[in-house]
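# Chain and residue survey
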Amino acid sequence: MLKRHRSSSSSSFVLKRHRSSVQVQLLPYDVVELILERLPGKSLLRFKCLSKNWKRQLIRRKQLRGPDVLFVSLEDDEAPRSIVFGSSIVSTVKFPTSCSIVCYGSCDGLVCLYCVSTPGFVISPATRWHQSFPLSSFQQLRMDRLNKGDFRAPNHKLGFGKDKVRGIYKPVWLYNSSEYGLDNVTTCEVFDFSTNAWRYLVPASPLRVLVYHKPVYLDGSLYWFTACEEETKILSLDLHTETFQVISKTPFPHVSNPLDVNMCILDNRLCVSEKKWPIQVIWLFDSSGTWKQMCSIDLTKTFSWFGEPKCVLFPIAILDKNKLLLHAREDFQPVEKQPVVIHDLRTKSYDFVFRPTTFGFSIYYFQSLFSVLPI
């Protein structure tokens, strides 16, 4: 039986034989931890006696090394690839689902996918465990509009995050009510895995939100851009208290073109970005509650790869401490115009990473050892 020897001054593991006093010292505890840390989550799950504390500690250590990045392909033809940046890996993956949209990022190693007309899908890429959830009222409303030939129905995006207090994961729809003939300013639906049903959150947000933007998750809350006429603000939803609040104005004025801005999480910080040709600026929200410029991207340096982008470039993650991964994803552009590139924040240089051969989404990702949703 493998046990940690606690009587010695140095932390180590020993092999203790039953009915025998013979003890053979093995590797020091810290060395074993470093070895296990480098194993994929699926391999670690084979250790049936691995404690929850070890699981949490190994996840924290993996997160300190930085995220990996997944290019989630929506088709079967994407060639498998794996590119290493320091301790991080950029790889391609195809999940066994017909869902065509991926929620922003990942939450505890879980990825959420959905579509207008099919049930949602939560999956752990490390273990391939997955669970589906049914259509919401919003999806039914949108399908009704599409079935009537109304293709102008606003395409709001699903959010996915975690109530950190109760350990419960929550898919969330927040949409502007008037666009679907409903009362109130907005309507919010939250999925409850314990009842396998959607419920309305009342009161919902007092402010309208920008359409087409994916809500981002950070530290127990989801975030949206508001659609205020005077100035654009950042709206948050605490997933434990289920209350909305405005946390800040954006560092740029009122957004006239939603395609010129986006929101993201970089180095575990809330960030926003704005494109004004020929530059794109990224700001981060610091602990004092103010916006600080993180970097400025010279779009003329990336012109040879995807021309003048119609949409703001999507910052995916910071790899190897100073390499910003960017994806030029545009829904109506051919796939060859949607490469993934690296911007070195220290040298200000730009490098080509790869060009997807199919449509898909790039997300940051930390491997998780948890294969089920707490309910």
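Our structure's up above, just so we're on the same page.
Per chain, residue numbering runs from 1 following the sequence as it is written. Per-residue local features are limited, in this predicted model, to residues with pLDDT of at least 70; the limit for side-chain atom pairs, both in listing and counting, is 80 or more; totals at the level of whole chains, interfaces and linings are taken over all residues. In computing side-chain values, all of the structure's heavy atoms are included and hydrogens and water are not.

Let us now look at unusual backbone geometry. The omega torsion across Val 202 and Pro 203 is 0°, close enough to zero to call that bond cis. The secondary structure listing takes helices from DSSP runs of H or I that are at least 4 residues long and strands from runs of E that are at least 2 residues long, numbered from the N terminus. Considering the arrangement of structural elements, one finds Pro 203 in the loop between strand 14 (197-200) and strand 15 (216-218). Omega for the bond connecting Trp 277 with Pro 278 falls within 30 degrees of zero, at 15°, which places this linkage in the cis form. Following the sequence through the fold, Pro 278 ends up in the loop between strand 20 (269-276) and strand 21 (279-285). Even without glycine at this site, Asn 184 takes up a positive phi of about 70°. Tracing the backbone through its elements, the reader meets Asn 184 in the loop between strand 12 (168-176) and strand 13 (186-192). Partly exposed residues are those whose accessible area sits between 20% and 50% of the maximum for their type, while under 20% is buried and over 50% is exposed, using a 1.4 Å probe and protein chains only. Taking relative accessible area as the criterion, Asn 184 reaches 66% and is therefore assigned exposed.

Residue placement: Ile 279 occurs in strand 21. A sequence separation of 20 residues divides Ile 279 from Leu 299, and the C-alpha atoms of the two residues are 5.4 Å apart. Those residues in contact with Ile 279, other than ones at most four positions away along the chain, are Glu 274, Ser 296, Ile 297 and Leu 299. The contact criterion used is simple: two residues touch if any of their non-hydrogen atoms lie within 4.5 Å.

Let us look at the sheet that holds strand 22 (residues 291-298). We call two strands paired when DSSP finds no fewer than two bridges between them. Overall, antiparallel pairing links the four strands, which are arranged 19-20-21-22 in an open sheet. Because the sheet does not close on itself, it has two edges, and the strands there are strand 19 (261-266) and strand 22. Neighbour to neighbour, the strand axes of the sheet diverge by 25° on average, direction disregarded. Across six bridges, strand 19 lies against strand 20 in antiparallel orientation. Residue pairing in the sheet places Ile 265 in a bridge with Leu 270 of strand 20. Note on definitions: angles span 0 to 180 degrees between N-to-C directions of axes, and those axes are lines fitted to C-alpha atoms, for helices only across the stretch in contact.

With a 1 Å grid laid over protein atoms only, a set of points is called a cavity when a 1.4 Å probe fits there but cannot get out and a pocket when it is open yet has protein on both sides within 12 Å along at least five of seven lines; lining residues have an atom within 4 Å of a point. Grid points are joined across faces, edges and corners, and a volume is the space filled by probe spheres set on the points. Tallied over the full model, the rule gives two cavities of 30 Å³ or more. Lining the largest cavity are Ile 101, Tyr 114, Cys 115, Val 116, Phe 138, Gln 139, Arg 142, Asn 155, His 156 and Trp 173. With three residues, helix 4 (residues 137-147) is the single largest residue contributor to the lining of the largest cavity. Here the second largest cavity is characterised by a volume of approximately 30 Å³.

Here we take up the nonpolar core. If you look at the biggest cluster of nonpolar residues, it comprises 49 residues, and the most contacted ones within it are Leu 270, Leu 324 and Leu 325. Setting aside chain neighbours within four positions, we find Leu 324 in contact with Leu 266, Ile 282, Cys 295, Ile 297, Pro 315, Ala 317, Ile 318, Val 341, Ile 342, His 343 and Leu 345. In plain words, nonpolar cores are sets of buried Ala, Val, Leu, Ile, Met, Phe, Trp, Tyr and Cys residues tied together by side-chain atoms within 4.5 Å.

With that out of the way, let us pick up the packing of aromatic side chains. Note on aromatic pairs: each is described by the distance of the centres and the angle between the planes. Here a Phe, Tyr or Trp ring, Trp counted by its six-membered ring, pairs with any other such ring whose centre lies within 6.5 Å, and the pair is stacked when the planes are under 30 degrees apart, edge-to-face when over 60, and tilted otherwise. Summed over the entire model, instances satisfying the criterion amount to 19 aromatic pairs. Every member of this aromatic cluster is reached through a ring pair, and the members are Tyr 114, Phe 138, Trp 173, Tyr 175 and Tyr 180. A ring is considered to have a charge above it if a Lys NZ or an Arg CZ atom is located within 6 Å of its centre and within 35 degrees of its normal. Stacked on the ring of Tyr 180, the Lys or Arg Arg 145 has its end atom at 5.1 Å from the ring centre.

This part covers the sheet that holds strand 16 (residues 221-225). Strand order in the open sheet formed by four strands is 15-16-17-18, and the pairing between neighbours is antiparallel. One side of each edge strand has no neighbouring strand; the edge strands of this open sheet are strand 15 and strand 18 (243-249). Taking each pair of neighbouring strands and ignoring which way they run, the sheet shows an average axis angle of 30°. Bridging between strand 17 (residues 233-238) and strand 18 involves six bridges; their strand directions are antiparallel. Within strand 18, the position partnered with Leu 237 by the bridge is Phe 244.

Here a salt bridge means any side-chain nitrogen of Lys or Arg lying within 4 Å of a carboxyl oxygen belonging to Asp or Glu. Scanning the model with the defined rule gives 15 salt bridges in all. When the shortest N-O distance is used, the salt bridge between Lys 170 and Glu 242 registers 2.8 Å. In this pair, Lys 170 sits in strand 12 while Glu 242 sits in the loop between strand 17 and strand 18, placing the two residues 72 residues apart along the sequence. Of the residues examined, Lys 170 reaches a relative accessible area of 4% and is grouped as buried. Glu 242 gets classed as buried once you look at its relative accessible area, which sits at 15%. What you see here is one network of salt bridges that share partners, running through Asp 163, Lys 170, Arg 199 and Glu 242.

Summarising the element assignment, Asp 163 is placed in strand 11 (residues 159-163). Here a polar contact is recorded for every N or O atom pair within 3.5 Å, except that within protein the pair must consist of a potential hydrogen donor and a potential acceptor, and residues adjacent in sequence are included only if both atoms are side-chain atoms. Only 3.1 Å separates the side chain of Asp 163 from the backbone nitrogen of Arg 166, close enough to count as a polar contact. Not counting the four nearest positions on each side in its chain, Asp 163 is found in contact with Ile 168, Lys 170, Leu 239 and His 240.

Along the polypeptide, Lys 162 turns up in strand 11. Taking the relative accessible area as the measure of exposure, Lys 162 reaches 18% and is therefore buried. With residues near it in sequence (within four places) discarded, Lys 162 still touches Cys 107, Asp 108, Gly 167, Ile 168, Tyr 169, Tyr 217, Gly 220 and Leu 239.

A few words now on the pairing of strand 26 (residues 350-354). In terms of strand pairing, strand 25 (residues 340-344) meets strand 26 through four bridges, oriented antiparallel. The residue of strand 26 that forms the bridge with His 343 is Tyr 350. The hairpin formed by strand 25 and strand 26 contains five residues between the paired strands, and Lys 348 there has a positive phi angle of roughly 65°.

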